[in-house]
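Chain residues, written in single-letter form:
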Amino acid sequence: MAQQHLLPPPSPLPQFRRRPTFRNTKTFWIPLVTIIIFLSIFFTPLPRTYDEHRDAVIQTITDTAKDIKDVLPPVLSHDNWHPTDLDNVKAKYAFATFLAGNADLDENWENDHYFVATRILAYQLLHAPETSSRDKSIPFVVLVTENVSEEKRQRLRKDGAIVVVADYIKADWVKTETSTWQDVMTKLRLWELTQFERICFLDGDTVLVEPLDGIFADPAVQTRGTLTQPAMIKSDEGHLPLEYNFAGVPEMERDHGYPPTDQHHDFPNINYLNAGFFVFQPSLELFDYYMSLLKLNGRFDPQFPEQNLLNYAHRKDGNMPWTQLGNEWNIHYPKVDDLLGGVKSLHEKWWSPEVEDLKPYMESWRWRMEGHYEARDQMFTKEYQKHGLKEES
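Going by an unreviewed UniProt entry, the chain carries the name Nucleotide-diphospho-sugar transferase and comes from Aureobasidium pullulans.

Here it is, written out as structure tokens:
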């Protein structure tokens, strides 16, 4: 069944009109069709094992993704335009990700896997026929740190993303051994984007399988009233908002079934949220509450900085418990069975998936993205030249 979600519908075959060459066509065609069916049943090789069938499906997906030539709309049409700054956004919802700069200042884009991953997300959310939002008004926001170069920011804008440069959020006591997580607290700046009613956050190392805009209608993302349990109110923490929304998926075991269940021990702790995929309601009050937690040394484990802050703030026995989304929206540590089972997005590094069988599928999106934008850039260049306009760098 999952193949039907992953592959584009076949092109309709051309219809031809032919005059019958036999007076009695039934006499000729019925025996011929019967013979063809007989031969196809007995002489078509069948997969010898489940693994062989799975491999065939993955290879078909990959080959199709590589061969598809995206049909771009007219360059100057409204359908091909996406706002590149927040002032032009009229949408209620948004997708967002976070991109930090490289510590080694290497500006070779080929070596910056997370930058390439962000471009893949922009392509999938805004342009790819199989995965782009059906609601074309939903923008893609990329929150970047100050050390992301202007060249990279401009490239993301050309790709259709809204780039928001954020001031750093740091606390001296919050330290982690993972270099790529040093600035991750800055992700919390997304709660300041209160022009949106809901934002769906995806880690940069996410690859889509199907459109995700249906998530904004999921019952789990509805606004909820903040509880008032006296025992959960702490005097040294900031005030809680009167209402909030925060929905996500639990952290996964690497070895899990699909769909995952707590009964089959697919979650190490079903009450522990993975901060790589969640939906929330932006709120300045909630942002201030998070900032108050950062001032309290040891209030949460800093090893997974923003993930453990969010798990503390939205703990299940607290006054703002997080709501669980179905894992059909997103899977961490994905396997081929998840892909074939119908999951809509994979939380996994496109350049180095843990399951080797997923690598052709993941990498194929990189080549599709680059081909799409190369063709798009050329079309824009021609249009600028045609109308005597100066192309922005």
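Caption draft 1: View of the pairing of strand β1 (residues 93-99). Where burial is concerned, most of β1 is hidden: 6 out of the 7 residues are buried. Across 4 bridges, β1 lies against strand β4 (residues 198-202) in parallel orientation. Directly across from Tyr 93, in β4, lies its bridge partner Arg 198.

Caption draft 2: View of the environment of Val 343. Positionally, Val 343 belongs in the loop between α8 (336-341) and β12 (345-347). Along the sequence, Val 343 and Asn 330 sit 13 residues apart, while their C-alpha atoms lie 6.4 Å from each other. Aside from chain neighbours lying at most four places away, what touches Val 343 is Val 209, Tyr 258, Asn 327, Glu 328, Trp 329, Asn 330, Ile 331 and Asp 338.

Caption draft 3: Summary view of the layout of surface pockets. The volume enclosed by the largest pocket comes to roughly 1000 Å³. Every residue lining the largest pocket is counted, 41 residues in all, and those nearest its centre are Tyr 114, Thr 178, Thr 180, Trp 181 and Asp 203. By residue class, the composition of the lining of the largest pocket is 14 nonpolar, 16 polar and 11 charged.

Caption draft 4: Representation of the side chain of Asp 159. For Asp 159, the position within the fold is in the loop between α5 (150-158) and β3 (162-165). In contact with Asp 159, not counting residues within four places along its chain, are Arg 119, Ala 122, Leu 126, His 127 and Tyr 373.

Caption draft 5: Main features of the sheet that holds strand β5 (residues 206-208). The mixed open sheet is built from 3 strands, whose spatial order is β5-β12-β11. Single-partner strands in this sheet number two, and they are β5 and β11 (331-332). In this structure, β5 lies alongside β12, joined through 3 bridges in antiparallel fashion. Residue Val 207 lies in a different strand from β12, and its bridge partner there is Leu 346.

Caption draft 6: Representation of the packing of helix α4 (residues 113-126) against α5 within the structure. Where α4 contacts α5, the axes come no closer than 10 Å and their chain directions differ by 20 degrees. Regarding the angle of α4 to α5, the classification is roughly parallel. Here α4 and α5 pass one another in a crossing that is right-handed. Counting all contacts with α4, which are made through Phe 115, Thr 118 and Arg 119, the residues of α5 involved are Lys 152, Arg 155 and Leu 156. Along the lines of polarity and charge, the residues of the contact of α4 with α5 split into 2 nonpolar, 1 polar and 3 charged.

Reading guide: rules and limits
- Residues numbered from 1 in each chain as written.
- Predicted model: local features only at pLDDT ≥ 70, side-chain atom pairs only at ≥ 80, totals over all residues.
- Heavy atoms only, no water.
- Buried < 20%, exposed > 50% of the residue type's maximum accessible area, 1.4 Å probe, protein only.
- Helix = DSSP H or I, 4+ residues; strand = E, 2+ residues; numbered from the N terminus.
- Pairing = 2+ DSSP bridges.
- Contact = heavy atoms within 4.5 Å.
- 1 Å grid on protein atoms, 1.4 Å probe; cavity = no way out; pocket = protein on both sides within 12 Å on 5 of 7 lines; lining within 4 Å.
- Points joined across faces, edges and corners; volume = space filled by probe spheres on them.
- Nonpolar A, V, L, I, M, F, W, Y, C, P; charged D, E, K, R; others polar.
- Axes fitted to C-alpha atoms, helices over the stretch in contact; angles between N-to-C directions.
- Parallel < 35°, antiparallel > 145°, perpendicular 65-115°, else oblique.
- Left-handed = near helix turned anticlockwise from the far one by under 90°.

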